[in-house]
Amino acid sequence: DAYMLRQRTRKLVEGAASHVLRNLYLPVPGYVSAISDALGKFQVAVGYLERMCDMGSRDDKDGLLGLAAADVLDLKSELMGLFKKYEERFAKLLGWEGWKYVQLVGEGRPVVNRDGSVRDDLFVWKDRVCLHRMEEDGTCTVRADTQYDTVSPGQILFEGFAVPNVEEQLRVLNNLRQHHASFWNERYHANYKGQLTRAQT
C-alpha cells in the first residue's frame, strides 16, 4: 500500500540520527499532498472536458469547451511544476553525501579467500574491490584496492567518520528509494499520464 509505505518512510526518516536528512525530507509530505489534490482536480477537469466534447462542437473555442480546455491546461502546468519540485527534492535526498559510507559498507559483499576465510579489510561494492581502513580517531578511509581493483586502483571512495548503525541507515535509504519509485509510478505514470491521454483524445 502506497500510503503505508509513505507513513513508514516518514517515521524512519524522523527517527534517523541526522538532522540534515530530516530537513531534506521535510517538504516531501507537502509535495505529495499538493500533487494528490491537483490530480483530483485534474481528473474532474478532464471529465468535464470530455462531456463538453460530447455535447458540442470541438471548434467552439469561445464557449464552454474552450474554458474546459483552458482549465485542463492550467492544471497540467501546475502538476508539472509540482512534479518537478518533488523530483528535485528527491534528487537531493538520494544524492546526499551522508549515504556514501552507508552504501559502500551496507551494500558491499565480503571478499572470501580460497581457503574460505573472509578478509576483514576488503569488500566488493558494485564490482569495485575496496579496502576499508579505520583510524584511531574514529575516521575511516575506503579506497579502491591497488592490487585487485580493475576500474581505478587507489581511488578514494570515502574519507571521514564512519556512520553508526549502517543497517538501520540503509533501511532508511531503501525506503526512500521505494517511496520515490512507488510514488512516481502511481502518481505520474499511472494517474497523471492516464488522465492526460484522456484529455488529448
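Whatever comes next refers back to the structure up there.
As the structure is a computational prediction, the values presented were derived from the model and not from experiment.

(A) Main features of the overall build of the protein. For the protein, the helix and strand inventory stands at 6 helices and 5 strands. For the protein, whose C-alpha radius of gyration is 24 Å, the value lies well above the compact-globule estimate of 17 Å for 201 residues. For the C-alpha atoms alone, the extent of the protein along its principal axes is close to 80 × 35 × 25 Å. By residue count, 37% of the 201 residues in the protein fall in the buried class. The long-range fraction of contacts in the protein, counting pairs at least 24 apart against all pairs at least 6 apart in sequence, stands at 58%. Only carbon and sulfur atoms are counted for the fraction: they give 50% of the accessible area of the protein, which is about 12,100 Å².

(B) Local environment of the sheet that holds strand E1 (residues 109-112). One open sheet accounts for 5 strands, arranged E1-E2-E3-E4-E5; its pairing is antiparallel. The outermost strands of the open sheet, each flanked by one partner alone, are E1 and strand E5 (156-161). Direction aside, neighbouring strands of the sheet carry axes that sit 30° apart on average. Taken together, the 5 bridges between strand E4 (residues 139-144) and E5 define a ladder with antiparallel strand orientation. Within the sheet, the bridge partner assigned to Val142 lies in E5 and is Phe158. Along the sheet, helix H5 (residues 99-106) contacts strand E2 (118-125), strand E3 (128-134), E4 and E5; its crossing angle with E5, the most-contacted strand, is approximately 115°.

(C) Inspection of the packing of helix H3 (residues 28-55) against helix H4 (residues 64-94) at higher detail. Axis separation between H3 and H4 bottoms out at 9 Å; the angle between their running directions is 155°. Taken together, the axes of H3 and H4 lie roughly antiparallel to each other. Note that H3 runs across H4; the crossing there is left-handed. In terms of residue class, the contact of H3 with H4 is made up of 26 nonpolar, no polar and 5 charged.

(D) Representation of the packing of aromatic side chains within the structure. Under the criterion given, the structure shown has 11 aromatic pairs. An angle of 50° between the planes, with centres 5.1 Å apart, marks the rings of Tyr101 and Phe158 as tilted. With Tyr101 in helix H5 and Phe158 in strand E5, the pair connects residues that are 57 residues apart, well separated along the chain. You can call Tyr101 buried: its relative accessible area is 6%. Assessed through its relative accessible area of 13%, Phe158 is described here as buried. When the ring of Trp184 is compared with that of Tyr188, the centres are 5.0 Å apart and the planes differ by 10°; the resulting orientation is stacked.

(E) Spotlight on the pattern of salt bridges. A complete count under the given rule lists 6 salt bridges for this structure. Of the charged contacts, one joins Arg119 and Asp121 as a salt bridge, the two residues approaching to 3.0 Å between their closest N and O atoms. Between Glu186 and Arg187 there is a salt bridge, and its shortest N-O distance comes to 2.2 Å. Judged by its relative accessible area of 31%, Glu186 is partly exposed. With relative accessibility at 10%, the residue Arg187 sits in the buried group.

Quick notes on the rules
Residues numbered from 1 in each chain as written. Predicted model: local features only at pLDDT ≥ 70, side-chain atom pairs only at ≥ 80, totals over all residues. Heavy atoms only, no water. Helix = DSSP H or I, 4+ residues; strand = E, 2+ residues; numbered from the N terminus. Rg over C-alpha atoms; globule rule 2.2 N^0.38 Å. Buried < 20%, exposed > 50% of the residue type's maximum accessible area, 1.4 Å probe, protein only. Contact = heavy atoms within 4.5 Å. Areas by Shrake-Rupley, 256 points an atom, 1.4 Å probe, with all protein chains shown as cover. Pairing = 2+ DSSP bridges. Axes fitted to C-alpha atoms, helices over the stretch in contact; angles between N-to-C directions. Parallel < 35°, antiparallel > 145°, perpendicular 65-115°, else oblique. Left-handed = near helix turned anticlockwise from the far one by under 90°. Nonpolar A, V, L, I, M, F, W, Y, C, P; charged D, E, K, R; others polar. Phe/Tyr/Trp six-rings, centres within 6.5 Å; stacked < 30°, edge-to-face > 60°. Salt bridge = Lys/Arg side-chain N within 4 Å of Asp/Glu carboxyl O.

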